[in-house]
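Structural overview
One letter stands for each residue in the lines below.
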Amino acid sequence: MNYINEINRLKKDKNAVILAHCYQNVEIDEVADYIGDSLYLSQKAAETDADIIIFAGVYFMAQTAKILNPNKKVILPNLKAGCDMADMIDLQQLREFKKHNPNIPTVCYINSTAEVKSECDICCTSSNAIKIVESLNSPKVLFLPDQNLGRWVEKQLGNVEVITYNGFCPIHNNLDTAEMKETKANHPNAIVLAHPECREEFLELADYVGSTTGIINYVKNSSEKEFIIATEKGVIDRLQRDYSDKKFYNICDKPAICPSMKLIKLEDIYNSLVSETPEIEVDKEISQKALKCINRMLEVSK
Ligand code: 13P
Ligand code: SF4
């Protein structure tokens, strides 16, 4: 079967939209209506008038789309596609964290569960984290679950104490400083672009730190020809496809792969469109509270 043709036909028939994160298998782009980072996809989820949203991403992304669209069908084609970082903090752990640090505004990275979002003041993504923390006008903020992103934000702002939870993304956190130095030595003319989920000492070796879209836009606007890309493989795959006149290097030739992001295949999207499953459901009360946290972020990001 030609999955691409069938998916495109079903999408039209059923008034469905497909949102795809840049870490997805690159062939998903053939059927996606919108491809981007977490912020862009949540903005598109908030705007859509489709009846069905198919999320080619991980669980928290589809859950966020459902919270924004409680009356639409939101489908994650493979329910096993979770996020290890989002699973590092649950409601109980959040309450403990807040108890130890009382009366401080709480910022949660969008890579978190709906329950966690429901008890935080505002959400952020990697592309707006600085702006979101700044918008709180507070000398101290609690930041979770990603300690690396939180520390990076603190360093960029300079005038806010960012108290971080101890979560991290195993994929970005594992990127190794010695290996980065070796890669830089092998490609002395390459510009280093890194995601803020990487460790602090690793980020010090980067020329630019930014979200998935930030990294892609940097390449788009740069006249440079060689780049070392410190983030998930999907970003390099798309850069290689779209900028064939430029060269992109992994750290020590080892691509960083998020296994969850690679679970969804074209066949799963086709099956999801046919069966309209598996649907994401969120408890109504949790959803209403989490929506405030997400909407506050969207408002500040306008
Ligand atoms: P962004 O999409 O905000 O760059 O985040 C990357 C990520 O880890 C998504 O899970
Ligand atoms: Fe989660 Fe890291 Fe995978 Fe993003 S790359 S979905 S943060 S585990």
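Structure's up top.
The present account deals with the structure reproduced in this document. (Residues numbered from 1 in each chain as written. Chains lettered and ligands numbered in written order. Predicted model: local features only at pLDDT ≥ 70, side-chain atom pairs only at ≥ 80, totals over all residues. Heavy atoms only, no water.)

**Remarks on empty space enclosed by the protein**
Evaluation of the coordinates by the stated rule reveals one cavity of 30 Å³ or more. Approximately 40 Å³ is the volume found for the largest cavity. Taken together, Ser 38, Leu 41, Ser 42, Phe 55, Phe 60, Met 61, Thr 64 and Ile 110 make up the full set of residues lining the largest cavity. Elements with a minimum of two residues in the lining of the largest cavity: helix H2 (38–47) and helix H3 (59–68). Looking at the lining of the largest cavity, its residues break down into five nonpolar, three polar and no charged. (1 Å grid on protein atoms, 1.4 Å probe; cavity = no way out; pocket = protein on both sides within 12 Å on 5 of 7 lines; lining within 4 Å. Points joined across faces, edges and corners; volume = space filled by probe spheres on them. Helix = DSSP H or I, 4+ residues; strand = E, 2+ residues; numbered from the N terminus. Nonpolar A, V, L, I, M, F, W, Y, C, P; charged D, E, K, R; others polar.)

**Some details on the site of ligand 1**
Around ligand 1, the structure places 14 residues, and the nearest of them are His 21, Ser 38, Ser 126, His 195 and Thr 212. Separating an oxygen atom of ligand 1 from a side-chain N or O atom of Asn 111 is a distance of 3.3 Å. Measuring from an oxygen atom of ligand 1, one finds a side-chain N or O atom of His 195 at 2.9 Å. Here ligand 1 has 300 Å² of accessible area as a free molecule, and 96% of this is covered by the chains. In a pocket analysis with a 2 Å cut-off to the grid points, ligand 1 is assigned to the largest pocket. Grouping the amino acids of the shell around ligand 1 by side-chain chemistry returns five nonpolar, seven polar and two charged. (Near = heavy atom within 4 Å. Polar contact = N/O pair within 3.5 Å; in protein donor to acceptor, adjacent residues only side chain to side chain. Areas by Shrake-Rupley, 256 points an atom, 1.4 Å probe, with all protein chains shown as cover. Sits in = over half its atoms within 2 Å of the grid points.)

**What to know about the pairing of strand E9 (residues 191–194)**
Taking every second residue as pointing to the same face, both faces of E9 are buried, with Ile 191 and Leu 193 on one and Val 192 and Ala 194 on the other. Summarising the sheet, E9 and strand E11 (residues 226–230) pair through four bridges and their orientation is parallel. Its bridge partner being in E11, Ala 194 is matched across the sheet by Ala 230. Sheet topology places E9 next to strand E10 (residues 208–209); two bridges connect them, and they run parallel. Considered in E10, the bridge of Ala 194 is made with Val 209. (Buried < 20%, exposed > 50% of the residue type's maximum accessible area, 1.4 Å probe, protein only. Pairing = 2+ DSSP bridges.)

**Some points on unusual backbone geometry**
Outside of glycine, negative phi angles account for most residues, and trans bonds account for most peptide bonds. Between Leu 144 and Pro 145 the backbone carries a cis peptide bond, its omega angle lying at -10°. Structurally, Pro 145 is set in the loop between strand E7 (140–144) and helix H7 (147–157). A cis amide bond, omega -10°, links Thr 277 with the succeeding residue Pro 278. Note that Pro 278 resides in the loop between helix H13 (266–275) and helix H14 (284–301). For Asn 137, which is not glycine, the phi dihedral falls at a positive 50°. Position of Asn 137 relative to the elements: it lies in the loop between helix H6 (129–135) and E7. Here Asn 137 falls in the exposed class, since its relative accessible area comes to 73%.

**Focus on the nonpolar core**
Val 107, Leu 144, Ile 229 and Ile 269 are the most contacted members of the largest nonpolar core, which has 111 residues in total. Excluding residues within four positions of it along the chain, Ile 229 makes contact with Leu 193, Ile 215, Val 235, Ile 236, Leu 239, Phe 248, Tyr 249 and Ile 251. (Core = buried A, V, L, I, M, F, W, Y, C linked by side-chain atoms within 4.5 Å. Contact = heavy atoms within 4.5 Å.)

**Overview of the pattern of salt bridges**
Going through the model one piece at a time under the given rule, you end up with 18 salt bridges. With a shortest N-O distance of 3.9 Å, Glu 96 and Lys 99 are connected by a salt bridge. Of the two residues, Glu 96 and Lys 99 both sit in helix H4 (residues 91–100), three residues apart, roughly one turn of that helix. Judged by its relative accessible area of 62%, Lys 99 is exposed. Between Asp 242 and Arg 241 there is a salt bridge, with its nearest N and O atoms 2.8 Å apart. With relative accessibility at 45%, the residue Asp 242 sits in the partly exposed group. Relative accessible area serves as the criterion here: at 43%, Arg 241 is assigned to the partly exposed category. (Salt bridge = Lys/Arg side-chain N within 4 Å of Asp/Glu carboxyl O.)

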